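Here is what each chain is made of, one letter per residue.
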Amino acid sequence: ASDVYKRQFPDGDVLEPLVEDEVPEVDGAAGVWVLKPAGGSCGEGVVCSTSVQELLAAAMARRWRVVVQKYIERPLTPLARKFDVRQWVLVTSLAPLVVWGFSDCYARFASAPWDLGGPGLGDRFAHLCNHSVQKDAPAGGPVPEHMWAARDLAAAVDGRFGAGAFAARLAPRLRAVAVAVCRELARGGAARVGRGFEWLGLDLMVADDLGCWLLEANVSPDVSRSTAVTAALVPAATADCLRLVLDEGHGDDAGAAVDPARAVGAARAAPAWELWAR
């Protein structure tokens, strides 16, 4: 697994490369795997299982058009709930590659307590963090609308790992994985059409040691005002995206100066797109 990890991020984008054959956040005593339909969305058809036979049967039923991933068995679980991070990324040029990241991510929580034991693997409300799944969960729970804003996530991380841990340890890892994904996109032969751009929604899992793992990259992320958290982010992200790609010439001129307000960590009145790679 660590060989794959190193091949995926050859440019040193991940801050702390793993020791050979040491993947503690992923490997675990439960031996859980996740199967997803290829090109699926909204958590449809996802299976969590420790049974090879069950996974093979599910794959065969979908004519092998599936993705199988190792379940991360040591996730960070504030409030005893699993969560993932949704990070928006904007690619405005492929050659040269220009990557913008939105300054505020958000956390999507499962509504049921996290449990890897026995029948708990079949509980979608414990293992799938998609809003499309969790919006149908029974009312109640410790996280309003099953989402945290970036400031809430930062407070929880700092409370466990020390003041400044989110900014100094987790946020750079989220950025590093996002940039690595976009570099793979460019290497994979993606082509820009006209003056087009790509707004990606990355789903990332945070391990209990603040390791950061990519779950998937969504080419059509939900940018609706589905919750109070997204309602506070979507208008700013949309307006700033249009300002960036229209008013500022698509942000793809590698020689152009960048507004200092778009630097990572710059003080600003509202969330905005930051230049993450150029």
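Note that the structure is a prediction, hence the values are computed from the model and not measured. (Residues numbered from 1 in each chain as written. Predicted model: local features only at pLDDT ≥ 70, side-chain atom pairs only at ≥ 80, totals over all residues. Heavy atoms only, no water.)

Please explain the side chain of Gln87 as it appears in this structure.
Along the chain, Gln87 turns up in strand β4 (residues 83–94). Taking relative accessible area as the criterion, Gln87 reaches 3% and is therefore assigned buried. Polar contacts involving the side chain of Gln87 include one to the main-chain carbonyl oxygen of Phe102, which spans 2.9 Å. Sequence-distant contacts of Gln87, that is, excluding residues within four places in its chain, are made with Gly101, Phe102, Cys105, Leu200, Gly201, Leu202, Leu204 and Trp276. (Helix = DSSP H or I, 4+ residues; strand = E, 2+ residues; numbered from the N terminus. Buried < 20%, exposed > 50% of the residue type's maximum accessible area, 1.4 Å probe, protein only. Polar contact = N/O pair within 3.5 Å; in protein donor to acceptor, adjacent residues only side chain to side chain. Contact = heavy atoms within 4.5 Å.)

For this particular structure, what's the right way to read the packing of aromatic side chains?
Taken as a whole and assessed by the stated rule, the structure comprises 7 aromatic pairs. Arranged with centres 5.6 Å apart and planes meeting at 80°, the rings of Trp88 and Trp199 form a pair that is edge-to-face. Here Trp199 lies in strand β8 (residues 198–206) and Trp88 lies in strand β4, a separation of 111 residues in the sequence. Assigned by exposure class, Trp88 and Trp199 land together as buried. Each member of the aromatic cluster is reached from another via a ring pair, and the members are Trp88, Phe102, Tyr106, Trp199 and Trp273. Here the guanidinium or amino end of Lys70 rests over the ring plane of Trp33, the centre of that ring lying 5.8 Å away. (Phe/Tyr/Trp six-rings, centres within 6.5 Å; stacked < 30°, edge-to-face > 60°. Lys NZ or Arg CZ within 6 Å of the ring centre and 35° of its normal.)

Looking at this structure, how should I read the sheet that holds strand β2 (residues 47–49)?
Sheet strands pair via backbone hydrogen bonds, and the direction of the pair is either parallel or antiparallel. Pairing in this open sheet of 3 strands is antiparallel, and the strands run β2-β1-β3 from one edge to the other. Lying at the two open borders of the sheet, with one neighbouring strand each, are β2 and β3 (66–70). Shown here is a sheet whose adjacent strand axes are inclined to one another by a mean of 20°, direction ignored. Pairing of strand β1 (residues 33–37) with β3 involves 5 bridges; the strand directions are antiparallel. Across the sheet, residue Pro37 finds its bridge partner in β3, namely Val66. (Pairing = 2+ DSSP bridges. Axes fitted to C-alpha atoms, helices over the stretch in contact; angles between N-to-C directions.)

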